[in-house]
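# Results of the structural survey
Letter by letter, the chains look like this.
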Amino acid sequence: MFPKNCWYVAAASQEIGRTILKRTIAQEQIILYRTEAGDPVCMLDMCPHRHAPLSLGRLVGDAVECGYHGITYDCSGKCIRIPGESRILERFAATTYPVADCWGFIWVWLGERAKADEKLVPEPWHWQTEPGWCPLDGYVHVNGHYQLLVDNLLDLSHEAFAHKNTIGNDAVAETPCTTTVKGDTIEVFRFMKNCQPPKLFVRAAGFDSNIDRHQKITFYPPCFVAIEVWAAPAGTGDKRLIWWVLNALTPETARSTHYFWGLPRGFKQDDRELTDQLRVGINRTFGEDKAIIEQQQLILDRVPLEKRSVFTPADQAPTRARQMVAAMLNQN
Amino acid sequence: MFPKNCWYVAAASQEIGRTILKRTIAQEQIILYRTEAGDPVCMLDMCPHRHAPLSLGRLVGDAVECGYHGITYDCSGKCIRIPGESRILERFAATTYPVADCWGFIWVWLGERAKADEKLVPEPWHWQTEPGWCPLDGYVHVNGHYQLLVDNLLDLSHEAFAHKNTIGNDAVAETPCTTTVKGDTIEVFRFMKNCQPPKLFVRAAGFDSNIDRHQKITFYPPCFVAIEVWAAPAGTGDKRLIWWVLNALTPETARSTHYFWGLPRGFKQDDRELTDQLRVGINRTFGEDKAIIEQQQLILDRVPLEKRSVFTPADQAPTRARQMVAAMLNQN
Amino acid sequence: MFPKNCWYVAAASQEIGRTILKRTIAQEQIILYRTEAGDPVCMLDMCPHRHAPLSLGRLVGDAVECGYHGITYDCSGKCIRIPGESRILERFAATTYPVADCWGFIWVWLGERAKADEKLVPEPWHWQTEPGWCPLDGYVHVNGHYQLLVDNLLDLSHEAFAHKNTIGNDAVAETPCTTTVKGDTIEVFRFMKNCQPPKLFVRAAGFDSNIDRHQKITFYPPCFVAIEVWAAPAGTGDKRLIWWVLNALTPETARSTHYFWGLPRGFKQDDRELTDQLRVGINRTFGEDKAIIEQQQLILDRVPLEKRSVFTPADQAPTRARQMVAAMLNQN
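This structure is a prediction, so every number in the text was calculated from the model and none was measured.

Each value, and the rule that gives it
Residues numbered from 1 in each chain as written. Chains lettered and ligands numbered in written order. Predicted model: local features only at pLDDT ≥ 70, side-chain atom pairs only at ≥ 80, totals over all residues. Heavy atoms only, no water. Helix = DSSP H or I, 4+ residues; strand = E, 2+ residues; numbered from the N terminus. Rg over C-alpha atoms; globule rule 2.2 N^0.38 Å. Buried < 20%, exposed > 50% of the residue type's maximum accessible area, 1.4 Å probe, protein only. Contact = heavy atoms within 4.5 Å. Areas by Shrake-Rupley, 256 points an atom, 1.4 Å probe, with all protein chains shown as cover. Lys, Arg positive; Asp, Glu negative; His and termini not counted. Charge placed at Lys NZ, Arg CZ, Asp CG, Glu CD. Pairing = 2+ DSSP bridges. Salt bridge = Lys/Arg side-chain N within 4 Å of Asp/Glu carboxyl O. Least-squares fit on C-alpha atoms with pLDDT ≥ 70 in both. Polar contact = N/O pair within 3.5 Å; in protein donor to acceptor, adjacent residues only side chain to side chain. Buried area = accessible area lost by both parts, 1.4 Å probe. Nonpolar A, V, L, I, M, F, W, Y, C, P; charged D, E, K, R; others polar. pLDDT = per-residue confidence, 0-100. Axes fitted to C-alpha atoms, helices over the stretch in contact; angles between N-to-C directions. Left-handed = near helix turned anticlockwise from the far one by under 90°.

When helices and strands are counted, chain A shows six helices and 18 strands. In terms of C-alpha radius of gyration, chain A reaches 22 Å, essentially the compact-globule figure of 20 Å for 332 residues. Taking all 332 residues of chain A together, 59% fall into the buried category. Within chain A, contacts between residues separated by at least 24 positions form 57% of all contacts whose residues are at least 6 apart in sequence. Of the roughly 13,400 Å² of accessible surface on chain A, a fraction of 50% belongs to carbon and sulfur atoms. Taking the 36 positively charged and 39 negatively charged side chains of chain A as two groups, their mean positions are separated by 3 Å.

Right, dumping it as structure tokens:
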């Protein structure tokens, strides 16, 4: 159902610590915690003995003690205690997964352990920890399939209708975009010359006349969309607004998604009031997407999207993205 | 699952106007609105592009603009705008349905357009707009299959037990009825001589002694039951109470029904207090039916009614009605 | 799905009387009431006419009148009235079940009537009405399969981890137990010498030093576990604490259980404050089990317990118990 040989964002870095966090990622129920040394650990949330959830247990040093019969596993999954029993068979082990603590997020790898490589984390996320930049992140839970959010982000013409009060302007629907496959990624580029600035752009950078707006969207299969954005007073090239919109669309179940977003910016880095305004503005924007996508999912439960017969020019990238993910699933 | 070549009441006439109303009728999700000229429009609640619900969009004149990517359809379903695209293929169309604004209700036709004919609206509904008569209507949502409500209304012996405090008297269970198939309809007739008046009849017409009670029930497949009622002091023929109970039992899903009822009366037409009493009384009565039928549905989810082996004489009409609907489904 | 030729506790004895009580037992929806003479009656909660629930009807003497069309059944299920109809066919009958009012509980038998025998009620329940003993009973609803509760009670090593604040001590996990099949029952015995007293034992019997703790668990298929418990100051044999924990784990559905418990005790019989403390302590303890088992059930919905490959020595009794129940199901 979901590609397994890939990273998924499972949490914001600061979410996990010395208490057990329980979460469902790509239909696997996992637990996350940190060792006493601070290293992240990811384990299946199931004691192999009687299938009780380890999330009801407790940490004993770096190990997890099941809350039912006290069976204890170290952070590699190895069983180190069965109360009342001295022999411990090797197969009596908890399932663990590779995990990376990278650029402000916790990434987990649910597929083949040998293939897990931190270098496969999509590169633009580094902007969240870039010196001189101001990081920002947030989370939205969406009751819809993650690919609906990929579709959404690869066709930003919707900003003109769904996000009129934040990041949408008419230009984003009217300006044609170019779609290019670059290796394992898809790039969608749109340059909007001499257009009205969206409301959130005005609030962020104080534009008082038309702008040039740059929007470069890159899709990293299966569920990452990074958008490089800048805007300048029309014709000046003075990039007063410059940020990335980083979207990690982690599947939770076949009908729900963990939407972890980042918005690192390269201007007014120390303006905390702006940071708060952007948090509010982005949460509002993605809340507008959530409202549409959750209704769309309810319709798709009955009428699959595959049955549609009509396409717009802007559908090129989302369609290609779905083909890439289908190819990944065939490889799994 | 449901007959399609027939009218269904989708709303009370005054419910729809210049905002989009969303409703599920016979498992189709539709939207209803009026054009600027006041004509009703019925459309599938799905943009053919990405299956977003049109109910999240907005009216632009007589057209609907999808709230996701701004694609716009006129009230005939024809696509009149795709932002960023000048060519519009003919197949890029929204689905519309025939709709009638008739006798106080909005009727929709989900089947073959060519067969939709306003003359097929069941005739007794005209009493709701009959000069000199007082109309009344209401709505109850019932979590049960619409045919359970048809069964209910074609065997009114249940009034004696379920509706003791409103329209039930012992006579309705004890008096035999005659069942006659008349063309495409079924008529059930019961005349109760010299019986105790039900409580709501006393409140409505002030009976202070026994009455003669006339009850003629007509079933129009698949989901309409019209009941002609009069009552007179026993032996006098003085019809002090005369009304129709009009029941449109619109299927919503396989387990739920929109119960639109009407109660036009031909006496005390200007007595607004009586109108209010009747509204309360009928809502109470149909609420009693709802309570039984919702529990009955839960049992039928596990034990189908087809498996029953016992029948009463009063089951003749409901059984025949189900055969008529089965025949309609075979034709569809 | 569930054994039928066995007793199930359906209610506490004082729960049923002259109003109709509705309950689901082993996926059958039943009603319970008492005749005017006080005898318990158990009937399927379904009128054979139109499958309305009899629980919406009313008692007329010892009979039940359906609330829909007034059809009436005596307490043997025989139809004694069809309004408007004088002939009553014999097959027009409600379904009844054998029922026993025994040792403080109402027991129902959903299988072959001829096999129902009150002597098959598990014998230890008599302690609830033993002269000189103090009875106590309670109820917990658990959203989990009843066999998970059988597993739970046949491997009490979990007390050391799940019930640290009431009946758990380290000894119960560390002391080996012996498992013996005795005819149709399974006995698990554990004697914990010179161990720390659990907190609830201290509150109940005032132990101020180590104790000897006796625990004899007997499983009666399919869903009864009786635990004989005593404790004495270590080495004295002075059984200051002596009680039975009686567990009737009645299946409700495939995912839920009526947990009827009893705790008759043979000491401080008149100490009402202790009775209240024990009620609170046992409800807390079984609430802790409920929390684990409901989560365990959610995992088992996806990963069946049959797939597990690891066992502890304490799994012997639960494994054998499941085999016994499987054999019962094969006989049914």
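This part is about the sheet that holds strand β5 (residues 58-60) of chain B. Residues and elements named next belong to chain B. The antiparallel open sheet is built from four strands, whose spatial order is β5-β6-β7-β8. Looking at strand neighbours, the two that pair on one side only are β5 and β8 (79-81), the edges of this open sheet. In this sheet, strand β6 (residues 63-65) lies alongside β5 in antiparallel orientation, the contact comprising three bridges. The partner of Leu59 across the bridge, within β6, is Val64.

A few words now on the environment of Thr35(C). Take Thr35(C): it is sitting in the loop between β3 (28-34) and β4 (40-44). With 186 residues separating them along the chain, Thr35(C) and Pro221(C) place their C-alpha atoms 31 Å apart.

In this section: the pattern of salt bridges. Under the defined criterion, the tally for this structure stands at 57 salt bridges over all chains. Among the salt bridges present, the one from Arg23(B) reaches Glu15(B), with a minimum N-O distance of 2.8 Å. On the basis of relative accessibility, which here comes to 35%, the residue Glu15(B) falls in the partly exposed class. Linking Lys115(C) and Glu112(C) is a salt bridge whose minimum nitrogen-to-oxygen distance equals 3.3 Å. In this structure, a network of salt bridges that share partners links the residues Arg50(A), Asp151(C), Arg308(C), Asp315(C) and Arg322(C).

As a further point, take the relation of the copies chain C and chain A. Overlaying chain C on chain A yields an RMSD of 0.1 Å, the required transformation being a rotation through 120° with an accompanying axial translation of 0.1 Å. Such a turn and shift between the copies fits a three-fold axis. For chain C, the smallest separation between a C-alpha atom and the rotation axis is recorded for Asp301(C), amounting to 13 Å.

Take the side chain of Asp45(A) next. Residues and elements named next belong to chain A. Inspection of the secondary structure assignment puts Asp45 in the loop between β4 (40-44) and β5 (58-60). Here Asp45 is buried and forms no salt bridge, its nearest opposite-charge partner Lys22 lying at an N-O distance of 4.5 Å. At a separation of 2.8 Å, a polar atom in the side chain of Asp45 contacts the main-chain amide nitrogen of Leu54.

Take the interface of chain C and chain B next. The interface is formed by 26 residues belonging to chain C together with 30 residues belonging to chain B. Summed over both sides, the interface of chain C with chain B buries roughly 2,300 Å², with 58% coming from carbon and sulfur. Here chain C is connected to chain B by two salt bridges. Note that Arg50(C) and Asp315(B) form a salt bridge whose closest N and O atoms lie 3.3 Å from each other. On inspection of chain C and its partner chain B, the count reaches 10 residue pairs in polar contact (both at pLDDT 80 or more). Its residues assigned to classes, the side of chain C that touches chain B shows 10 nonpolar, eight polar and eight charged.

Here we take up the confidence of the model for chain A. Regions with low pLDDT carry predicted coordinates that are not meant to be interpreted in detail. Predicted confidence across chain A gives a mean pLDDT of 96, with 100% of residues reaching 70 or more. If you check the scores for this complex, the pTM reads 0.94 and the ipTM reads 0.94.

Residue and element names in this part refer to chain B. Summarising burial for strand β1 (residues 7-12): six of the six residues are buried, a large majority. In the sheet, β1 pairs with strand β11 (residues 105-109) via five bridges, with the strands oriented antiparallel. Each residue of the ladder has a partner; that of Tyr8, found in β11, is Val108.

With that settled, consider the interface of chain C and chain A. How big an interface is tends to be stated in terms of accessible area lost as the parts join. Across the boundary between the two partners, chain C contributes 30 residues, which contact 26 residues of chain A. Summed over the three residues of chain C that lose the most area to chain A, namely Phe161(C), Ile299(C) and Val310(C), the buried surface amounts to 27% of that side. At the junction of chain C and chain A, the tally comes to two salt bridges. Across the contact surface, chain C and chain A share 10 residue pairs in polar contact (both at pLDDT 80 or more). At the level of elements, α1 (146-154), α2 (159-162), α3 (170-174) and α5 (272-300) of chain C are the ones that each hand at least two residues to the side of chain C that touches chain A.

Take the sheet that holds strand β2 (residues 21-25) of chain C next. Residue and element names in this part refer to chain C. Spatially, β2-β3-β4-β9 is the arrangement adopted by the four strands of the open sheet, whose pairing is antiparallel. The two strands at the open ends of the sheet, each matched to only one other strand, are β2 and β9 (96-97). With five bridges connecting them, β2 and β3 associate as antiparallel partners. Within the sheet, the bridge partner assigned to Thr24 lies in β3 and is Gln29.

With that out of the way, let us pick up the pairing of strand β13 (residues 178-182) of chain A. All names here are of chain A. The sheet contact formed by β13 and strand β14 (residues 185-195) spans five bridges and is antiparallel. Among the inter-strand pairings, Thr179 is bridged to a residue of β14, identified as Val188. The turn linking β13 back onto β14 is made up of two residues, and Gly183 within it adopts a positive phi angle of 60°.

Further remarks concern the packing of helix α1 (residues 146-154) of chain A against helix α6 (residues 316-331) of chain A. Residue and element names in this part refer to chain A. At a closest axis distance of 8 Å, the pairing of α1 and α6 adopts a crossing angle of 145°. The hand of the α1/α6 crossing is right-handed. Of the residues in α6, those in contact with Tyr146, Gln147, Leu148, Val150, Asp151 and Leu154 of α1 are Ala317, Pro318, Ala321, Arg322 and Val325. Among the residues making up the contact of α1 with α6, the classes are represented as eight nonpolar, one polar and two charged.

The subject of this paragraph is the environment of Arg113(C). Residues and elements named next belong to chain C. Examined against the element boundaries, Arg113 turns out to sit in the loop between β11 (105-109) and β12 (137-142). Expressed as a C-alpha distance, the spacing of Arg113 and Val303, which sit 190 residues apart in the sequence, is 37 Å. Setting aside residues up to four positions removed in sequence, Arg113 forms contacts with Thr96, Tyr97 and Pro98.

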